Amino acid sequence: MSETRELILEAKHVTKKYPASNGRTLVANNDVSLNIYRGRTLGIVGESGCGKSTFMRMLVSLEAPTEGEILYHGRDITKLKGEALRQHRQHIQMVFQDPAAAFNPKMRIRDIICEPLLNFGRIKRNEKDKVARKYLEMVELPGDFALRYPHNMSGGQRQRVGIARALALEPEIILCDEATSALDVSVQKNIIELLVKLQREKNIALGFICHDMALVQSFAHQMAVMYLGNIVEVLPGERVAAGCVHPYTQAMMGAIFDPKMDFDKPIESIESEAPSPLDVPTGCPFQNRCDRCMEICRKEHPVLRQIEENHQVACHLYA
Ligand code: ADP
Ligand code: MG
């Protein structure tokens with residue numbers, strides 16, 4: 001990522017806690033600081049339950065952080081309310097995992113795409129057809145789909161409609177939460193190619209949450225690895241395979257894909273389960289699964305620090 005990139009959204013020391021039973025506290029995000037730049041993709045990866053969706057819900061102002069700030073062009077958006085919040089929502093749009101559940105099944109595609117535009121008074125009712133066709137073509141679907149209902153489409157087509165709807169407000173940022181995870185591998189690839197193409201044309205910033213590391217590193221300019229609510233490593237996607245250093249990132253990468261794999265050796269993967277976010281250990285969150293755990297790792301929480309340009313890691317091995 002070049003230094004001249006414009007910073008649009010900045011999460012600073014964001015923590016999200018939920019009250020749990022018996023007076024306990026669940027820490028879903030712990031001191032997360034991440035940046036989103038114009039025209040660039042931030043991938044967030046990590047196992048199910050590590051806090052990815054919680055973080056994204058805060059970025060789109062569906063929830064407020066317990067601590068920390070989220071700055072949009074330098075202004076904290078966590079305290080926006082009422083009309084100011086409503087207006088702000090236009091700039092950051094979201095594409096969900098399951099478009100079938102996200103859309104009203106009784107609405108035609110035309111109305112699904114145009115609903116946000118009508119809500120913000122940006123088009124007139126008699127322009128719906130023309131506008132819907134324009135955005136359908138943008139996501140490489142036939143304009144005639146404007147009159148269809150969501151159930152008359154495939155999962156991949158519905159997800160293209162989800163992207164068309166997000167694009168319609170001309171946002172600066174589109175956040176995708178497992179937006180391709182329910183699709184077949186080939187369809188998933190096509191959707192990502194579409195997102196990358198639209199990003200280049202419109203200079204949109206993308207946030208892309210996914211539990212599939214191999215997929216995200218193939219197109220994320222910056223990839224953040226999350227573990228038990230903590231960011232443990234941030235580095236450019238293209239450098240992940242050869243250059244990741246956190247034992248968790250390495251284990252995840254080793255578990256999925258190694259082009260030079262020695263098939264005589266057992267495939268390395270992580271055996272045990274992640275601890276519960278209700279019960280985060282003192283010290284490093286990854287200690288109980290790490291094969292390089294040291295004494296300090298059980299006592300001190302490792303902070304995220306820069307080890308080379310565009311590469312941060314939270315691990316005592318690199319202190
Ligand atoms: P991911 O998207 O990475 O799978 P989530 O962000 O959905 O993870 O969840 C992180 C943790 O926070 C999980 O342990 C989850 O159970 C918990 N969590 C998420 N939302 C809530 C909520 N509204 N109330 C209580 N706990 C929650
Ligand atoms: Mg999730």
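Let me sum up the structure you'll find in this document. (Residues numbered from 1 in each chain as written. Chains lettered and ligands numbered in written order. Predicted model: local features only at pLDDT ≥ 70, side-chain atom pairs only at ≥ 80, totals over all residues. Heavy atoms only, no water.)

On to the site of ligand 1, then. Neighbouring ligand 1 are 13 residues; Gly49, Gly51, Lys52, Ser53 and Thr54 lie closest to it. At a separation of 2.8 Å, an oxygen atom of ligand 1 approaches a polar side-chain atom of serine 53. Within the side chain of threonine 54, a nitrogen or oxygen atom sits 2.6 Å from an oxygen atom of ligand 1. About the coverage of ligand 1: the protein hides 64% of its 560 Å² of free accessible area. Listing elements by their share of the shell around ligand 1, those giving two or more residues are β2 (25-37) and α1 (52-59). When residues in the shell around ligand 1 are grouped by element, the largest group, four residues, is from α1. Of the residues that constitute the shell around ligand 1, the class distribution is five nonpolar, five polar and three charged. (Near = heavy atom within 4 Å. Polar contact = N/O pair within 3.5 Å; in protein donor to acceptor, adjacent residues only side chain to side chain. Areas by Shrake-Rupley, 256 points an atom, 1.4 Å probe, with all protein chains shown as cover. Helix = DSSP H or I, 4+ residues; strand = E, 2+ residues; numbered from the N terminus. Nonpolar A, V, L, I, M, F, W, Y, C, P; charged D, E, K, R; others polar.)

The method is simple in principle: a probe with the dimensions of a water molecule rolls over the atoms, and the space it marks as empty is what remains. A complete count under the given rule lists three cavities of 30 Å³ or more for this structure. Approximately 90 Å³ is the volume found for the largest cavity. Forming the boundary of the largest cavity are 13 residues, of which Pro247, Cys284, Cys290, Cys297 and Cys315 lie nearest the centre. Counted by class, the lining of the largest cavity contains nine nonpolar, three polar and one charged residues. (1 Å grid on protein atoms, 1.4 Å probe; cavity = no way out; pocket = protein on both sides within 12 Å on 5 of 7 lines; lining within 4 Å. Points joined across faces, edges and corners; volume = space filled by probe spheres on them.)

Core analysis: the biggest nonpolar cluster contains 61 residues, and Val161, Ile163 and Leu167 have the highest contact counts within it. In contact with leucine 167, not counting residues within four places along its chain, are Tyr135, Met138, Val139, Ile174, Leu198, Lys202 and Ile204. Within the second largest apolar cluster, 30 residues are counted, among which are Val32, Ile36, Ile209 and Met226. (Core = buried A, V, L, I, M, F, W, Y, C linked by side-chain atoms within 4.5 Å. Buried < 20%, exposed > 50% of the residue type's maximum accessible area, 1.4 Å probe, protein only. Contact = heavy atoms within 4.5 Å.)

With that out of the way, let us pick up the sheet that holds β2. The four strands are arranged β2-β1-β4-β5 in an open sheet whose pairing can be described as antiparallel. Here the strands that pair on one side only, and so sit at the sheet edges, are β2 and β5 (75-76). Pairing of strand β4 (residues 67-72) with β5 involves two bridges; the strand directions are antiparallel. Each residue of the ladder has a partner; that of tyrosine 72, found in β5, is arginine 75. (Pairing = 2+ DSSP bridges.)

Buried within helix α5 (residues 128-138) we find Lys128, Val131, Ala132, Tyr135, Leu136 and Met138. Buried positions in α5, seen along its axis, are confined to an arc of 155° and lie on one side of it. In α5, the exposed positions angled more than 90 degrees off the buried face are occupied by Lys130 and Glu137. Looking at the buried side of α5, the elements it contacts are α4 (109-119), α6 (155-168) and α7 (185-202). Directly after α5, the chain includes glutamate 140, whose backbone phi takes a positive value near 60°. (Arc of directions from axis to C-beta.)

A word on the packing of α4 against α6. Orientation of α4 relative to α6, taken along the N-to-C sense of each, is 25°, at an axis distance of 8 Å. Classified by the angle between their axes, α4 and α6 sit roughly parallel to one another. Between α4 and α6 lies a crossing whose hand is right-handed. Between α4, through Ile109, Ile112, Ile113, Glu115, Pro116 and Leu117, and α6, the contact on the second element is made entirely by Val161, Ala164, Arg165 and Ala168. Taken together, the residues of the contact of α4 with α6 sort by class into eight nonpolar, no polar and two charged. (Axes fitted to C-alpha atoms, helices over the stretch in contact; angles between N-to-C directions. Parallel < 35°, antiparallel > 145°, perpendicular 65-115°, else oblique. Left-handed = near helix turned anticlockwise from the far one by under 90°.)

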